[in-house]
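# Observations on the model geometry
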Amino acid sequence: MEPSSAKAKPQGRLLVSTSLDAKDELEEKLERCVGIVQSLTNGLSEREANDALTANVCKGQQQHEDVCLGLFCLVLTDPSQAQRSYRDLTLLSRDGMNGVLVKINQILMEKFLKLQDVSRTQLVWLVRELVKSGVMGADGVLMTLMKQIAGGDMSSKNLWLAENVLDVLLDQKEWLVKSAMLVAMAVYTYLRLMVDHGTTALLVLRQKEVDFCISMLRERFMDCAVIGRDLVRLLQNVARIPEMELLWKDLLHNPAALSPQFTGLLQLLTARTSRKFLACRLTPDMETKLLFMTSRVRFGQQKRYQEWFQRQYLSTAESQSLRCDLIRYICGVVHPSNEVLSSDILPRWAIIGWLLTTCTSNVAASNAKLALFYDWLFFSPEKDSIMNIEPAILVMHHSMKPHPAITATLLDFMCRIIPHFFPPLESQVRQGVFNSLTFIMEKRVLASSHDRRTNTLNHLAPLFDNPKLDRELRSMLRERFPEFCTSPSPPTEVKMEESVTMEMDNNVLDKEEGCYDATEAAFSDDEEEVNNKGKKQREFRFQPIKEEIIEEPADITPFQDQLEDVMKDKVLQLQKASDAENQCEVMQDIVDLILEDDFDPEQMSTLASCLAELFKGHFRGDVLPDEITEESLEESVCKPVCLVFRNLCTMQEDNSGFSVLLDMLAELYQKQPKIGYHLLYYLKASKAAMGKMSLYESFAQATALGDLHTCLMMDMKACQEDDVRLLCYLTPSIYSQFPDETLRSGELLNMIVAVIDSTQLQELMCHVMMGNLVMFRKDSVLNILIQSLDWETFEQYSTWQLFLAHSIAMETIIPILHHLKYKEHPEALSCLLLQLRREKPSEDMVKMVLSRPCNHDDQFTTSILRHWAAKQDDALGEHIKTQLIKNNNQPRKRQSLRSSSSKLAQLTLEQILEHLDNLRLSLTHTKNSFFSQTPILQALQHVQASCDEAHKMRYSDLFSLAEEYEDFQSKPLKSRRKAPASSPRSRKGAAPPATEEDSVSSSASEEEDSKPKAPKRKRKCSSAVGSDSD
């Protein structure tokens, strides 16, 4: 027994560990810092200790950090000294407690579960004190602490944490309402926790939660409305609580009682809930485990990970409610990249299916289904993402074979939720579900089935008309969704052709049997062989995962009898031709028959059906040769279908046969959509088509689409899904020949960067550098870059690399800074930062950089200003001086009015001063003399002369530089006139800046004469003029 007790004995003061655990680096660092503090203060009185710590902090940044972290650790580990240590910490910290806040967040995100009980209690106490003190950044720490309150967890520690965080929010209500995001996050959290706290023992806690949420929703409803549609879902779950019922009735029938800006329930339901809210109800540990499963675990090997997760979080009866949080998180937050989607990584639908099958409560199962379909109910393609609705349709699709009961219950739920969700909005819910299904078909999420009755592809027919569903359910589906069902006859089994952007891999059907039942998912002896297959697909480039093709002979029997005898003979001859050369000869004869005057146009559709069936083998596989040479390109376009293209290229557009062949191609396009990008390839690769790329425009207008842009985008999308190499090969020609269609939006660019790899990116950049490719132009580049902010990380980096290969001035895109948030757009910010450091700062650049909001964690502005201060100090100094004087001279009232009405961030004097103060701090221990420049000092003196006392106190260190300069300017005139002509720099800093300052001031505002200390400025100016006239 003794070894066992020794093993469990805690080894550190901060974290629980065993004798077998390695020493935690963070804990070791904090204990070292505690030792430094104790060595400085041992045996000293409070005052002497404070003086010793202050002296040590002044020695440098490292000493400052050591002392602050040492005091922070004492707060967490020694409750008896906590009050004193916190007081010393607030007095000694020179960075606004920023270093301490970073460590608190690190502990909350990474070490919270390992904290000793005393340390956990002290950490909550410390957060409370930070909130009381109004420390900037405390709201972020409190949000992270709330994230640690687990849903579906009735343990005493979790309940204690929920109650203590709620007490902080209630006690500091005035502070709380200053942060709209914290208000919304707190309401979202406690509305969700209310569901768990319904037992008699927890009624007191739940009443506090109810009172808090009611007060926030009544007083700050528009702050809470940013949650979006999930606010309605949470309120529905607690609407039976009497106080909440009154609020619910106001929400439904009297929305103006909550806020004059609130128009009704539909306003919330049409607003998509941000990822921040969906993620806040999972603890960091849950989030880490889920992300690991969806990015690292192979499909079929998930058993032990699911078992661990279930033991840890889903083993109790109370944890049933957690499934809704997990499903909403997976649908709304976990959006895998195309590379992951096309690999053998565990898909999202498999995890959701597992969660649904492990529900043991009917209420929890209904809530889980609602969570899965919630984004369907008011889905809008313009606002919502396909990734939010994709898991539901894939769960139903993949469960049909192994678990038909799951598919049936989900389809039944989808039908019944339309009239029962909220009867007054039944038509809107029906439209939302219809939009979802339509969008799923457009994106080809599921397999396609050929409907012979309508001669179209129906992607939903195998699901809605499946014989495994009972007759009543199938009847209800036909009644609700007739547009997506085929004829009443039982559908034939169809082969699946999954879209690479939405589906898994070649082995999906083999693994579906065990996708939810953990007992069937096990390691096999063939694992290595399966893995090697996967590696083959993902060697170096991103390759579409394609189903193994079974060659079937072409069947034109249904169509051949509808043709005239001569044409029928030729078509049969084409079918029998053995090699490409004979096929081309016969195809030329068919083209000649089409061009004859007596050809019946009504046969065009039938002939197109025959050709599409005969040529289906030509549209499989790669089009572009492995080695691109003139010979290989010419050989690749020697196919029978290319005979139509060749004849079109040799004709004049006013020729009657030209329009007939175009009609033929348009009919063929309806049967085989791949004909579009094959035509583009022919026009680029064939010598006979040189200079004939405009032919594609005529083709697009002849199709049923009738629009060049739509046709081009659809063809490039089809090419992207089939052959990435071909997409890259066509890109230069497409951009150069159709600039108005490609450069006005980021649609095509997004298709390209979504699938290319680093080698292909480099090739495209070379095309740009050589002048063969232009992907951006000045009038639209800004909008495209703004669109790209929502793309995946690699897609954004690729976009910026392609942009930087062009020679477009930075002034064109610098306004994008207004749209960039440091936590949401790190890709764009990092690329912009690297480009700005190569530029000489202009006035617009400096203004945009200074316009960024001031935030301790956002170092963008400080870093670029510091670089410019080192490399371009003169130019930067003049531009900052101009901005300081302009913004100082604008009347405060007029400035605030304009900033409130402007959509973009308005540069204010406070922003400039804050950024300058941060720059000053970053240059403190360097030899940089940026703040000794005359323009900067004159501008600071100008601002100090007219600003209020609050600003003077806040930026006292910054203004002290101006005071030193003013003292220098106030020296006796005699001493300053000794050598007026000997120092050109002193002349440069005297008269010219004074003149520039006066001119800028007068142009910015006519109110300069009314500003305080004007006589002093006038005396300085006259002194400078006297010196110059000497």
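Nothing here was measured: the structure is a model prediction, and the numbers come from that model. (Residues numbered from 1 in each chain as written. Predicted model: local features only at pLDDT ≥ 70, side-chain atom pairs only at ≥ 80, totals over all residues. Heavy atoms only, no water.)

The next point concerns the overall build of the protein chain. The helix and strand tally for the protein chain stands at 60 helices and 2 strands. Per-residue burial over the protein chain gives 52% buried out of 1030 residues. Of the contacts made within the protein chain by residues no fewer than 6 positions apart, 72% connect residues no fewer than 24 positions apart. Summing over all exposed atoms, the protein chain offers an accessible surface of approximately 48,300 Å²; the carbon and sulfur share of this is 50%. (Helix = DSSP H or I, 4+ residues; strand = E, 2+ residues; numbered from the N terminus. Buried < 20%, exposed > 50% of the residue type's maximum accessible area, 1.4 Å probe, protein only. Contact = heavy atoms within 4.5 Å. Areas by Shrake-Rupley, 256 points an atom, 1.4 Å probe, with all protein chains shown as cover.)

Below, the discussion takes up the packing of aromatic side chains. The final tally for this structure, using the stated rule, is 24 aromatic pairs. With centroids separated by 6.1 Å and ring planes inclined at 65°, the aromatic side chains of Phe 378 and Phe 421 adopt a geometry described as edge-to-face. Linking Phe 378 in the loop between helix H23 (362-373) and helix H24 (386-399) with Phe 421 in the loop between helix H25 (404-420) and helix H26 (426-442), this pair joins segments that are 43 residues apart in sequence. Neither residue differs from the other here; Phe 378 and Phe 421 are each classed as buried. With 5.3 Å between their ring centres and 85° between their planes, Tyr 669 and Phe 699 make a pair best called edge-to-face. Of this pair, Tyr 669 sits in helix H37 (residues 656-671) while Phe 699 sits in helix H39 (residues 695-702), placing them 30 residues apart in sequence. Phe 699 sits in the buried class, given a relative accessible area of 1%. (Phe/Tyr/Trp six-rings, centres within 6.5 Å; stacked < 30°, edge-to-face > 60°.)

Moving on to the environment of Ile 36. Position of Ile 36 among the secondary structure elements: in helix H2 (residues 25-41). A relative accessible area of 23% places Ile 36 in the partly exposed class. Considered as a pair, Ile 36 and Leu 69 are 33 residues apart in the sequence and their alpha carbons are 10.0 Å apart.

Let us look at helix H34 (residues 604-614). Here H34 lies mainly inside the structure; 9 of its 11 residues are buried. Within H34, the full set of buried residues consists of Met 604, Thr 606, Leu 607, Ala 608, Ser 609, Cys 610, Leu 611, Ala 612 and Leu 614.

Attention now moves to unusual backbone geometry. A positive phi angle is found at Met 97, which is not glycine, with a value near 65°. Topologically, Met 97 is positioned in the loop between helix H5 (82-92) and helix H6 (98-111). Residue classification places Met 97 among the buried residues on the basis of a relative accessible area of 4%. The phi dihedral of Arg 444 is positive, around 55°, even though this residue is not glycine. Judged by relative accessible area, which is 34%, Arg 444 ranks as partly exposed.

The N-to-C vectors of helix H38 (residues 675-685) and helix H41 (residues 724-737) enclose an angle of 65°; their axes lie 10 Å apart at closest approach. One element, H38, and the other, H41, form an angle in the roughly perpendicular class. Between H38 and H41 lies a crossing of left-handed hand. Here H38 contributes Tyr 677, Leu 680, Tyr 681, Lys 684 and Ala 685 to the contact with H41, which in turn contributes Leu 726, Tyr 729, Leu 730, Ser 733 and Ile 734. Among the residues making up the contact of H38 with H41, the classes are represented as 8 nonpolar, 1 polar and 1 charged. (Axes fitted to C-alpha atoms, helices over the stretch in contact; angles between N-to-C directions. Parallel < 35°, antiparallel > 145°, perpendicular 65-115°, else oblique. Left-handed = near helix turned anticlockwise from the far one by under 90°. Nonpolar A, V, L, I, M, F, W, Y, C, P; charged D, E, K, R; others polar.)

A few words on the pattern of salt bridges. Proximity of charged atoms lets side chains of opposite charge pair with each other. Under the definition given, this model contains 41 salt bridges. Close ionic contact of Arg 218 with Asp 250 constitutes a salt bridge, the shortest N to O distance being 2.7 Å. Linking Arg 218 in helix H12 (residues 203-219) with Asp 250 in helix H15 (residues 242-253), this pair joins segments that are 32 residues apart in sequence. Given a relative accessible area of 31%, Arg 218 falls into the partly exposed group. (Salt bridge = Lys/Arg side-chain N within 4 Å of Asp/Glu carboxyl O.)

Formed by 173 residues in total, the largest nonpolar core has its most connected members in Met 244, Trp 376 and Ile 393. Among the elements that take part in this core, helix H11 (residues 180-194) stands out by supplying 11 residues, more than any other. The residues contacting Met 244, other than those within four sequence positions of it, are Leu 191, Met 194, Val 210, Ile 214, Leu 217, Leu 235, Val 238 and Ala 239. Met 775, Leu 832, Leu 884 and Leu 923 belong to the second-largest nonpolar core, a separate cluster that totals 138 residues. (Core = buried A, V, L, I, M, F, W, Y, C linked by side-chain atoms within 4.5 Å.)

Of note, Tyr 374 is situated in the loop between H23 and H24. Sequence spacing of Tyr 374 and Asp 230 is 144 residues, and the spatial spacing of their C-alpha atoms is 8.4 Å. Setting aside residues no more than four positions away along its own chain, Tyr 374 makes contact with Arg 229, Asp 230, Val 232, Arg 233, Gln 236, Leu 269, Arg 328 and Phe 421.

We now examine the side chain of Arg 328. With respect to the helices and strands, Arg 328 occurs in helix H20 (residues 322-332). Of the polar contacts made by the side chain of Arg 328, one reaches the backbone oxygen of Ala 371; its length is 3.3 Å. (Polar contact = N/O pair within 3.5 Å; in protein donor to acceptor, adjacent residues only side chain to side chain.)

Turning our eyes to something else, we now look at a negative patch on the surface. A surface patch of negative charge is lined by Glu 564, Asp 565, Asp 569, Asp 592, Glu 596, Asp 597 and Asp 598. Turning to its location among the elements, Asp 592 is positioned in helix H33 (residues 580-595). For Asp 592, a relative accessible area of 36% puts it in the partly exposed group. (Patch = residues over 30% accessible without salt bridge, like charges linked within 9 Å, V, L, I, M, F, W, Y side chains within 5 Å. Lys, Arg positive; Asp, Glu negative; His and termini not counted. Charge placed at Lys NZ, Arg CZ, Asp CG, Glu CD.)

What follows covers the state of the cysteines. Taken as a whole and judged by the stated rule, the model has 0 disulfides. Summary of cysteine pairing: Cys 728 is not part of a disulfide, and the nearest cysteine sulfur, belonging to Cys 719, is at 8.8 Å. The exposure class of Cys 728 is buried, given its relative accessible area of 10%. (Disulfide = S-S within 2.5 Å.)

Here Leu 246 is to be found in helix H15. Residues Leu 246 and Ile 214, 32 residues apart in the sequence, show an inter-C-alpha distance of 9.8 Å.

In this section: the side chain of Ser 321. With respect to the secondary-structure elements, Ser 321 resides in the loop between helix H19 (303-313) and H20. For Ser 321, the side chain forms a polar contact with the side chain of Arg 192, separated by 3.0 Å. Among the polar contacts made by the side chain of Ser 321, one reaches the side chain of Asp 196 at a distance of 2.7 Å. In this structure, Ser 321 is in contact with Gly 152, Arg 192 and Asp 196, ignoring residues within four places of it in sequence.

To continue, consider the confidence of the model for the protein chain. When pLDDT is low, close inspection of the predicted coordinates is not appropriate. Mean pLDDT over the protein chain: 80, with 82% of residues reaching 70 or higher. Predicted confidence is poor over residues 972-1030, with pLDDT under 50, and the contacts of this stretch with residues over four places away or in other chains come to 60 contacts. (pLDDT = per-residue confidence, 0-100.)

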